[in-house]
Every structure is written in structure tokens, then in C-alpha cells.
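Structural features, examined
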Amino acid sequence: MLEPGRSTTLKTTDANGHVSEAKYDPLGRLLEAWGPGRTPSTSSVPDLKAVYTVPEYDPENPDRKPPFVTSYTRGHNDRVETSVTLYDGLGRERQTQEEADGGGHLITDTLYNTSGEIWQTNNAYLTHEAKTGELFTPLADTAVPNITRYTYDGLGRVVEETPVLKVMDRRPRRPPRSRCRPRRPATSTARTGPR
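Here the structure is a predicted model, which is why all the values come from computation and not from measurement.

Parameters and conventions
Residues numbered from 1 in each chain as written. Predicted model: local features only at pLDDT ≥ 70, side-chain atom pairs only at ≥ 80, totals over all residues. Heavy atoms only, no water. Pairing = 2+ DSSP bridges. Helix = DSSP H or I, 4+ residues; strand = E, 2+ residues; numbered from the N terminus. Phe/Tyr/Trp six-rings, centres within 6.5 Å; stacked < 30°, edge-to-face > 60°. Buried < 20%, exposed > 50% of the residue type's maximum accessible area, 1.4 Å probe, protein only. Lys NZ or Arg CZ within 6 Å of the ring centre and 35° of its normal. Core = buried A, V, L, I, M, F, W, Y, C linked by side-chain atoms within 4.5 Å. Contact = heavy atoms within 4.5 Å.

**Notes on the pairing of strand 5 (residues 68-74)**
For strand 4 (residues 48-53) and strand 5, the ladder comprises six bridges, and the chain directions are antiparallel. Directly across from Leu48, in strand 5, lies its bridge partner Thr73. Pairing between strand 5 and strand 6 (residues 80-87): seven bridges, direction antiparallel. Across the sheet, residue Val69 finds its bridge partner in strand 6, namely Thr85. Connecting the antiparallel pair strand 5 and strand 6 is a turn made up of five residues, with Asn77 showing a positive phi of about 55°.

**As for the packing of aromatic side chains**
Taken as a whole and assessed by the stated rule, the structure comprises one aromatic pair. Aromatic pair Tyr125 and Phe136: ring centres 6.5 Å apart, planes at 40°, arrangement tilted. Of this pair, Tyr125 sits in strand 9 (residues 118-127) while Phe136 sits in the loop between strand 9 and strand 10 (146-152), and the two are 11 residues apart along the sequence. Since its relative accessible area comes to 13%, Phe136 is described here as buried. One Lys or Arg, Arg29, reaches over the ring of Tyr52 and ends 4.4 Å from the middle of that ring. Its end group placed over the ring of Tyr112, Arg92 keeps NZ or CZ at 4.0 Å from the ring centre.

**Focus: the nonpolar core**
Core analysis: the biggest nonpolar cluster contains six residues, these being Ile107, Tyr125, Ala130, Phe136, Val144 and Ile147. Dropping the residues within four chain positions of it, Ile147 is found in contact with Gln120, Thr121, Asn122, Asn123, Asp141, Thr162, Pro163, Val164 and Lys166.

What follows is the structure in C-alpha cells.
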């Protein structure tokens with residue numbers, strides 16, 4: 001079943017007769033999604049729920065907060081996992097914030113060059129200082145243990161993808177061995193019998 005205005009899919013029936021459903025807002029953005037065989041209900045958890053937030057403009061604060069989308073994903077035993085995706089002024093994905101097991105957030109950054117191409121991604125790193133819906137900036141580039149950098153040719157095609165690992169070797173090191181061999185102590189043997 002298609003929505004007549006935008007031709008977006010509202011219901012899909014698979015080969016086994018299971019129905020998947022989706023709901024959209026008036027702007028055509030996905031609000032809720034229900035997997036095969038799950039009937040939409042206010043008392044049950046959808047497989048995906050999205051909330052769109054555009055912060056209000058404050059004339060006294062020219063640094064406007066970026067828009068973001070909060071996604072609630074249904075996991076095992078109806079556990080809801082929350083993730084936030086922030087966008088820049090051009091509508092490009094800038095940062096994702098996912099809840100980490102044990103507290104904190106896993107942050108992933110996408111950085112662009114002057115041509116609008118992705119030149120570096122800061123792969124998921126843990127922090128306890130991020131605020132949901134606000135762009136988090138690490139203190140230094142060295143605080144991100146795993147990054148990926150991209151190189152392009154003149155036609156904007158990726159020609160090189162370079163992973164960079166910044167992991168400290170915390171294994172205990174043995175002291176260097178001395179090249180000088182210890183001398184054996186001199187021993188004397190006393191003879192008690194006749195020669």
C-alpha cells in the first residue's frame with residue numbers, strides 16, 4: 001500500500017503473508033516502523049521510532065544548535081536502544097551518539113573537506129561528557145583512538161582509504177638483557193690424601 005501524495009510505502013506483505021507497516025509525518029518523514037507480523041498498537045513498542053528536533057533560534061545566541069534526529073530501536077525483550085544523529089547546516093550527517101553499555105555514549109564524527117567530501121571519520125569512541133542533542137568535540141584529535149582518512153582524485157573518487165589506530169601498548173616490558181655474562185666464582189679444592 002502506497003501513500004498517494006508521496007508514494008511512500010505504508011504496508012508491505014511478504015511471501016509468508018506477514019505485514020510490515022510504517023507511519024510518516026506530514027513532511028514525509030518516517031515516524032514509526034513495525035516489522036513483519038507485528039500489529040501497530042499504543043501498548044507495544046515499535047521496531048523503530050524517530051523524533052525530529054530543530055532547536056529554536058535565539059537572537060541573543062548566534063551559535064545555533066544543530067538539528068538532530070533521535071531514533072528509538074526495539075531490541076531484545078523490547079529493550080529500547082536510543083541513538084541521536086546530528087546534522088550540519090547543509091543537512092549532512094555530522095555526528096552520531098549511541099548509548100554505551102555501562103553508561104556514557106559512543107561518538108562517531110564525520111568531517112568534510114572544502115569540496116564537501118568526507119575526508120575523515122572518527123570511529124566510535126567512548127565519552128561520559130557528551131550531552132544528548134549537542135555537538136560533542138573531543139579535547140584533541142589524539143583522544144580518538146580509531147580514525148579513517150580518505151583521499152580523492154580530481155573527479156572526486158576515493159582512491160585511498162587509510163585507517164589510523166592510536167592505541168597505546170600497555171603490555172609490561174621486560175628489562176633489556178645484559179650482554180655481559182656473570183663470571184663464576186673461583187673455587188678451590190683441598191686434598192687430604194697423599195698425592
